[in-house]
Protein chains: 2
Amino acid sequence: MDKIKIVEVKEDILLRNSTIGNELREELKKQGIFLLNVMSSPGSGKTTLLVNLINKLKDKYNIGVIEADLDSDVDAYTIKEKTGVRVMQMHTGGACHLTAQMVRDTINEFDLKNLDLVILENVGNLVCPAEFDTGSHANMVLLSVPEGDDKPLKYPLMFEVASFVVITKKDVAPVFDFDFDRVKDNIHLRNKKAEVFVTSALNDINVDEVANHLTKLLNNF
Amino acid sequence: MDKIKIVEVKEDILLRNSTIGNELREELKKQGIFLLNVMSSPGSGKTTLLVNLINKLKDKYNIGVIEADLDSDVDAYTIKEKTGVRVMQMHTGGACHLTAQMVRDTINEFDLKNLDLVILENVGNLVCPAEFDTGSHANMVLLSVPEGDDKPLKYPLMFEVASFVVITKKDVAPVFDFDFDRVKDNIHLRNKKAEVFVTSALNDINVDEVANHLTKLLNNF
């Protein structure tokens, strides 16, 4: 087979916002508020996992949720209705990612002194959100079985910035060609130390493990 | 239930490149080359659909494929191996979308006088690629069953810029809560005239319809 020609095209459209991210991270830390940034492709099951997780954690922690979307407020109402915790809808006006300043502006709308954990559901996008520090203390990256086990190879940065990875929709694995060992190898190629959890939020498979991991992070905060 | 507070956060990070897009569209038209831009989320089945489609069309048309990725060349080799048509891998260097200039630079690497159809597999991303005119003559947008039928509500621009929409992975519908009528309604809320094809490329369901639609577009070019 002929070698395929590779054309490198680079474009510098990425803004630096790490200074604000670092400031926000420290401000929140001083107030004892842990910020968890949740990232994935569209439709990989962020909201379903969060509903299940929040219901496991809400008796122990005061939780606030920020739902970021280009448009619509479907997910915000789902979370509020199914968990009862405080939810804020953020609209990005078409932007593909969140900056630390956007997060700071929104988080200040909460009554911060009554919060232990703020969960930020980022825009569904496996590319841009990874570039922008949100000021979070941990990044939870989801990858769903239907998306395929090769995604860490094709979207390297997202898996590099992950604090831990949650594989979702394990229940549908029988109808997809998805190799759990291979996906772990692919993730660890990008990020040697990332723990990987294999879950099905709908069937409550291994969501306790994710909740325990978060509890550990909060206890050591 | 309390009304959820909505915080609007807008950021102007989008560049205009429609002038170059229009120029490229005209240049290609003069040479009788139809440029099809293919967009979707990561893992929605662009490559699998393209392999099937190209094998249906390659005896009638001279086809070239541009594979755009942040990194890796998995898909380019898959297309080349399974169809035999000319394939060019473009690396975006981390960028989340393609500009018309990137496409022009890459397309000029082909021997253009021997081409009827260039298929551009855009970066897997339901947000950014929709903002940037690639110079294409049509945009084919894919949405896979596992992603959910609400995506046109949450990613409106992608469905607004679609010339037609292909629902993929119909074969796994029994294990997902996906309503084909609802997704069509949601698409038509964004884009009244977009034709919608419901397919499974792996099982060759309705891919002929998509091939016929493309043939019609090429005949009327």
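Draft legend 1. Quick look at the relation of the copies chain B and chain A. For the pair chain B and chain A, the superposition axis carries a translation of 0.0 Å, the fit reaches an RMSD of 0.0 Å, and the rotation angle comes to 180 degrees. Here the transformation between the copies is reduced to the relation of a two-fold axis. Of all interface residues in chain B, 100% are interface residues in chain A too; the two copies therefore contact each other through one and the same surface.

Draft legend 2. Seen up close, helix α2 (residues 46–57) of chain A. Residues and elements named next belong to chain A. With 12 residues, α2 extends 16 Å between its outermost C-alpha atoms, agreeing within 8% with the 16 Å of an ideal straight helix rising 1.5 Å per residue. Taken across its 12 residues, α2 has nine buried, putting it largely inside the fold. When we look at burial in α2, the residues that qualify are K46, T47, T48, L49, L50, N52, L53, I54 and L57.

Draft legend 3. Structural context of the interface of chain B and chain A. Contacts between the two partners involve 58 residues from chain B, matched on the other side by 58 residues from chain A. Of the residues that constitute the side of chain B that touches chain A, the class distribution is 29 nonpolar, 14 polar and 15 charged.

Draft legend 4. Structural context of unusual backbone geometry. Residues and elements named next belong to chain A. The backbone of S72 sits at a positive phi, close to 75 degrees, despite the residue not being glycine. Tracing the chain through its elements places S72 in the loop between β3 (63–69) and α3 (74–83). One non-glycine residue with positive phi stands out, namely K169, at about 60 degrees. Relative to the helices and strands, K169 resides in the loop between β7 (164–168) and α7 (180–190). For K169, a count of 29 C-beta atoms within 10 Å gives the class buried.

Draft legend 5. Quick peek at the packing of α2(A) against helix α8 (residues 207–219) of chain A. Residue and element names in this part refer to chain A. Contact geometry of α2 with α8 gives a least axis separation of 10 Å together with a crossing angle of 60 degrees. Relative to α8, the element α2 lies oblique. Helix-helix and strand crossings are classified by hand; for α2 and α8 the assignment is right-handed. In this structure, α2 contributes N52, L53, K56 and L57 to the contact, and α8 contributes V207, D208, V210, A211 and L214. Looking at the contact of α2 with α8 residue by residue, the classes come out as six nonpolar, one polar and two charged.

Draft legend 6. Inspection of helix α8 (residues 207–219) of chain B at higher detail. Residue and element names in this part refer to chain B. Compared with the 18 Å implied by 1.5 Å per residue over 13 residues, the 18 Å span of α8 between its first and last C-alpha is a close match. Among the residues of α8, V207, V210 and L214 are the ones counted as buried. Looking straight down α8, one finds that the buried residues subtend no more than 60 degrees of arc, so they occupy a single side. Set apart from the buried face of α8 by more than 90 degrees, the exposed residues are N212, K216 and N219. Buried residues along α8 sit against α2 (46–57), β7 (164–168) and β8 (195–198).

Draft legend 7. Up close: the confidence of the model for chain A. When pLDDT is averaged along chain A, the result is 92; 93% of the residues meet or exceed 70. With a pTM of 0.90, the predicted complex shows an ipTM of 0.86.

Draft legend 8. Up close: the environment of P42(A). Structurally, P42(A) is set in the loop between β2 (34–39) and α2. Accessibility expressed as a C-beta count within 10 Å gives 25 for P42(A), which makes it buried. In sequence terms P42(A) and R25(A) are 17 residues apart; their C-alpha atoms lie 26 Å from each other. Each residue touching P42(A), except ones within four places of it in the same chain, is listed here: G124(A), S41(B), L126(B), E147(B), K151(B), K154(B) and Y155(B).

Rules behind the numbers
Residues numbered from 1 in each chain as written. Chains lettered and ligands numbered in written order. Predicted model: local features only at pLDDT ≥ 70, side-chain atom pairs only at ≥ 80, totals over all residues. Least-squares fit on C-alpha atoms with pLDDT ≥ 70 in both. Contact = placed C-beta atoms within 7 Å. Helix = DSSP H or I, 4+ residues; strand = E, 2+ residues; numbered from the N terminus. Expected span 1.5 Å × (residues − 1). Buried ≥ 20, exposed ≤ 12 C-beta atoms within 10 Å, placed from the backbone. Nonpolar A, V, L, I, M, F, W, Y, C, P; charged D, E, K, R; others polar. Axes fitted to C-alpha atoms, helices over the stretch in contact; angles between N-to-C directions. Parallel < 35°, antiparallel > 145°, perpendicular 65-115°, else oblique. Left-handed = near helix turned anticlockwise from the far one by under 90°. Arc of directions from axis to C-beta. pLDDT = per-residue confidence, 0-100.

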